[in-house]
Amino acid sequence: MLVSGRVILGSLAAAVHAQWHHGSSIDFHSILDSNPLTLVAFVAPWTAPSKSLASEWATAKFQLTYPLVSIDWTAEPSLCTAHKVHSYPAIRLFHVPDESTRYGGPRKASAIVSFVVRASLPAVSEVNVKNITDLVGIDRVTVVAHLKIDEGSMRSKFTRVAEAFRNQFVFGIADDKRLAQKEKIEFPSIIAYKTDVGDQEVLHGAVKRSVIESFVLEAGKPLIDELTRRNELNYMSSHELIAYIFVTDAADRASLRRKFHPVAKQYKDCVNFVTIDGIEYGHISPSLGLHRGHYPGFTVYSAWKDQVFPYPAVKGIGADNIEEFLLEILHGKRAPWNPAGAGHGQHDEL
Ligand SMILES: *[C@@H]1O[C@H](CO)[C@@H](O)[C@H](O)[C@H]1NC(C)=O
C-alpha cells in the first residue's frame, strides 16, 4: 500500500511539473549574451526521453540561479543544426555565446544541478577551516589538498589533476594548520570527502601526479553503484557475490546506500553491493527470492555458483543484520534458496 501510494504521488508530482516552456531563438541569443553560464536543452517534445526530462528540468531550474532554456527542435530547427545537435534531448552548457560543453550525465535534476555548479567554480577553490563546509557538500565527492604555500610542486600536480577532472568532482586547496589538526593529518595530504555516504579517504605525503589521479578516480567511484543495463554484465561476470538492494525511490536509495556503506567497504573484496530499481527490474525480483513490489528488499546472488540467498524480510534491514547474514553466506553456514521447495525461501509472507 505504502509503495503504490508513493508511486502515485510521485507521478502526480511529475505530471504537475512536466511542462516545457520553450524559448525562441531570440530568447536563446539574448539570454546567452547576458549570462556567464546558460544551460540549454534541445528537445523533441513528442519523444519519451524528452518527455521524461521535463520534470527533472523544471526541478533543476528551480534550484539553480543560472538560466535554463529549452528549445523545441520543431520550432527552431536551424538553431539546432547550427549547434550540431543531432539527437534529442541534448543538454549543452554555454559559457560564452557559441562556446559550449556537452552534458553526458544522468538526466536527473540532482546530477544536472551539480554539473552546472561545478562548472561555475574555479578548477580549484581556496578553502580554510571556516569555509570548507561551503565547498564540501556541493557535490557527492570533493577532493581537498592540504598543502603549505611553499609546496609548489604538489600544488601544481594537484591543480593539473583538478583541471582534468573538474567536470566530475569539486576540488579545493587548504593551507590551514587548524583545519589539518581537525582532520588529524600532516601536510601534505589529500582528502576525498564523500558527503553522500558520510565517509572520507586520505592520501598521505608528497606523491606523483599519477598517484593523485588514481586516488581521485578510485575515491570518486561509488562503492554502492546503481545497477543499469550498461554495467550489469560487469557484475554478472564477476566471481564475487552480488548484494542487491531493491528500491523504488531516491530517498530509500540514498539512505540505504549510506547505511550499507561501512559493510560494503569492509567486504568489498568479496561482495559487490548494488542498488537496483524495483520498478525497472521488478520482473527479476521473484527469481532472486523476493516478492515483486515488496521493497526495499535485499538479496544476495552468486553468479558464479548460481545460488540465491534472499534476506528474510521479517528481519529489519540494518547494517548489523546484513553483516551477520553476509558472514553466514561467506562461511557456508546458510543454505541457498531452493525455489522448487514450494516457496520456502520467500520468508516475507506476513
Ligand atoms: C574561504 O576564505 C578565504 C579567505 O577569506 C577565501 O580566499 C576563499 O575564497 C574562501 N573560499 C570559499 C570556497 O568561499
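Cut-off values and rules
- Residues numbered from 1 in each chain as written.
- Predicted model: local features only at pLDDT ≥ 70, side-chain atom pairs only at ≥ 80, totals over all residues.
- Heavy atoms only, no water.
- Axes fitted to C-alpha atoms, helices over the stretch in contact; angles between N-to-C directions.
- Helix = DSSP H or I, 4+ residues; strand = E, 2+ residues; numbered from the N terminus.
- Parallel < 35°, antiparallel > 145°, perpendicular 65-115°, else oblique.
- Left-handed = near helix turned anticlockwise from the far one by under 90°.
- Contact = heavy atoms within 4.5 Å.
- Nonpolar A, V, L, I, M, F, W, Y, C, P; charged D, E, K, R; others polar.
- Near = heavy atom within 4 Å.
- Polar contact = N/O pair within 3.5 Å; in protein donor to acceptor, adjacent residues only side chain to side chain.
- Areas by Shrake-Rupley, 256 points an atom, 1.4 Å probe, with all protein chains shown as cover.
- Pairing = 2+ DSSP bridges.
- Buried < 20%, exposed > 50% of the residue type's maximum accessible area, 1.4 Å probe, protein only.
- Domains from an automatic or database assignment.
- Buried area = accessible area lost by both parts, 1.4 Å probe.

**Focus on the packing of helix 11 (residues 250–266) against helix 12 (residues 319–330)**
- Where helix 11 contacts helix 12, the axes come no closer than 9 Å and their chain directions differ by 30°. With respect to helix 12, the axis of helix 11 lies roughly parallel. Of the two elements, helix 11 crosses helix 12, and the hand of that crossing is right-handed. On helix 12, the residues touching Lys 259, Phe 260, Val 263 and Gln 266 of helix 11 are Ala 319, Ile 322, Glu 323 and Leu 326.
- Of the residues contributing to the contact of helix 11 with helix 12, the split by class is five nonpolar, one polar and two charged.

**Details of the site of the ligand**
- Near the ligand the following residues occur: Glu 126, Val 127, Asn 128 and Asn 131.
- At a separation of 3.2 Å, an oxygen atom of the ligand approaches a polar side-chain atom of Asn 128.
- With respect to the ligand, the side chain of Asn 131 contributes an N or O atom lying 2.4 Å from an oxygen atom.
- Taking 370 Å² as the accessible area of the ligand by itself, protein coverage stands at 42%.

**With respect to the sheet that holds strand 4 (residues 99–102)**
- If you trace the four strands from one edge of the open sheet to the other, you get 2-1-3-4, paired in mixed fashion. A single partner strand is all that each edge strand has here, and the edge strands are strand 2 (68–72) and strand 4. Going across the sheet, the axis of each strand differs from the next one's by a mean of 30°, ignoring polarity.
- Bridge count between strand 3 (residues 90–96) and strand 4: four bridges; the pairing is antiparallel. Opposite Arg 92, over in strand 4, you have Arg 102 as the bridge partner.
- Most of the contacts of helix 2 (residues 25–33) go to strand 1 (residues 38–43), to which it runs at about 160°, and overall it touches strand 1, strand 2 and strand 3.

**A short note on the side chain of Arg 253**
- Among the structural elements, Arg 253 can be located in helix 11.
- For Arg 253, a relative accessible area of 18% gives the class buried.
- Sequence-distant contacts of Arg 253, that is, excluding residues within four places in its chain, are made with Glu 226, Val 247, Thr 275, Ile 276 and Asp 277.

**Comments concerning the domain arrangement of the protein chain**
- As far as domains go, the protein chain holds domain 1 (14–118), domain 2 (124–220) and domain 3 (224–341).
- Inter-centroid distance (C-alpha atoms) of domain 1 to domain 2 is 32 Å.
- The interface is formed by five residues belonging to domain 1 together with seven residues belonging to domain 2.
- Of the roughly 450 Å² buried between domain 1 and domain 2, counting both surfaces, carbon and sulfur atoms make up 47%.
- Contact with domain 2 buries surface across domain 1, with Ser 114, Val 117 and Arg 118 losing the most and accounting together for 85% of the total.

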